[in-house]
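# Fold and geometry: a report
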Amino acid sequence: MSLDNKTALEFVQVLHEALPYLQRFQGKTVVIKYGGNAMVDEQLKADFARDIVLLKTVGINPVVVHGGGPQIGSLLEKLNIKSEFVDGLRVTTSETMDVVEMVLGGLVNKEIVSLINQAGGKAYGITGKDAHCIKARKLKVTRDNPGLQKSEIIDIGHVGEVETIEREFIERMSQGNYIPVIAPIGVGHDGASYNINADLVAGKMAEVLEAEKLILLTNIAGLQDKDGKVLTGLSTTQVDDLIADGTIYGGMLPKIQCALDAVHSGVTSAHIIDGRVSHATLLEIFSDRGVGTLITNGLEV
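Residues numbered from 1 in each chain as written. Predicted model: local features only at pLDDT ≥ 70, side-chain atom pairs only at ≥ 80, totals over all residues. Heavy atoms only, no water.

### Brief notes about the layout of surface pockets
Put simply, the largest pocket is a space of about 1,200 Å³. Residues that form the lining of the largest pocket fall into these classes: 19 nonpolar, 15 polar and ten charged. Surrounding the second largest pocket, F11, V14, L15, E17, A18, L22, L54, H279, L282, L283, F286 and S287 form its lining. In terms of residue count, the dominant contributor to the lining of the second largest pocket is helix 1 (residues 5–25) (six residues). (1 Å grid on protein atoms, 1.4 Å probe; cavity = no way out; pocket = protein on both sides within 12 Å on 5 of 7 lines; lining within 4 Å. Points joined across faces, edges and corners; volume = space filled by probe spheres on them. Nonpolar A, V, L, I, M, F, W, Y, C, P; charged D, E, K, R; others polar. Helix = DSSP H or I, 4+ residues; strand = E, 2+ residues; numbered from the N terminus.)

### Quick notes on the side chain of E212
Take E212: it is sitting in the loop between helix 6 (198–208) and strand 13 (213–218). Here E212 sits buried without a salt bridge, and the closest side chain of opposite charge, K28, lies 4.2 Å off (N-O distance). Here E212 is in contact with F25, K28, T29, V267, T268 and S269, once residues within four sequence places are set aside. (Buried < 20%, exposed > 50% of the residue type's maximum accessible area, 1.4 Å probe, protein only. Lys, Arg positive; Asp, Glu negative; His and termini not counted. Salt bridge = Lys/Arg side-chain N within 4 Å of Asp/Glu carboxyl O. Contact = heavy atoms within 4.5 Å.)

### Here we look at helix 3 (residues 69–78)
Within helix 3, burial applies to I72, G73, L75 and L76. Along the axis of helix 3, the buried positions cluster into a sector of 165°, meaning they face one direction only. Among the exposed residues of helix 3, those oriented more than 90 degrees off its buried face are P70, E77 and K78. Structurally, helix 3 contributes buried residues whose contacts are with strand 4 (89–90) and helix 4 (94–118). (Arc of directions from axis to C-beta.)

### Structural notes on the UniProt feature "binding site: substrate" (unreviewed entry) in the protein chain
Listed under "binding site: substrate" (unreviewed entry) in the UniProt record, and renumbered for this structure, are G68, G69, R90 and N195. Considering the C-alpha atoms alone, the annotated residues occupy 128 residues of sequence yet fold into one spot, their largest mutual distance being 11.9 Å. Taken from the residues named earlier, the lining of the largest pocket is made up of G68, G69, R90 and N195. Within the element layout of this structure, G69 appears in helix 3. Looking at the secondary structure, you find R90 in strand 4. (UniProt positions renumbered as here; feature names shortened; annotations may be inferred.)

### A few points about the state of the cysteines
One pass over the full model with this rule turns up zero disulfides. Of all cysteine sulfurs in the structure, the one in C258 sits closest to C133, which takes part in no disulfide; the separation is 16 Å. The class for C133 is buried, based on a relative accessible area of 0%. (Disulfide = S-S within 2.5 Å.)

So this is what it looks like as structure tokens:
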């Protein structure tokens, strides 16, 4: 079926708009945190997989770090294991950690790999434990206690933070034409497994790989002002001001801080985008308007 003149013109305009971005980002690394609605809606899952394959095909090196909180919660419920949270972090006992590894390293990781491979890519799924790719240390959560002279330390079990990432291991996969798909499970010096927030792993991964972009898929349209307008094209200084005046607060703070840390550490730009939008990753990278919030160090990108 042939295209009518209007459709053909629109198609050409899209390609022309994408051309400078294709040229600029060829050979660059893009770290994408995959989570939220994009992981549970069947059409969005298929779209995401095709987007990742397209990035690799045009010479960009995507690295996918995925979450899986809802899937973990669902299986814990079926096993009659109660989910507890402290400051938004899942309390992870040894029993819970077994479930986390089963879901993240098995079910979720392998599904993403399968979807990318079905779309024509060559995905390679790992956890941070493989080749000790992600070294972790136990995360300490502290709270001020008015009755004590010092802060109270709360033990939340096998929850960790990134200590180091084995850069060469990930780069070898990318250079070998594979697409790394990484579950955010780290290994401690004692061999213990640690559940790590996927945003934090993606941010540190972007820093270590000296990525061009860090993209965080979310269930919101992006960073919004007090009137609900999506803010984009922000410098790190402007974001700091928005935190100071209370525009950014609550649950968005950790995600924003992750983006800021990445940009401060040399990642050219961080993007918080709406994973509920079909092909959000491509729209953010290759179009002028994008579909979320862009944060940079204030230099031209």
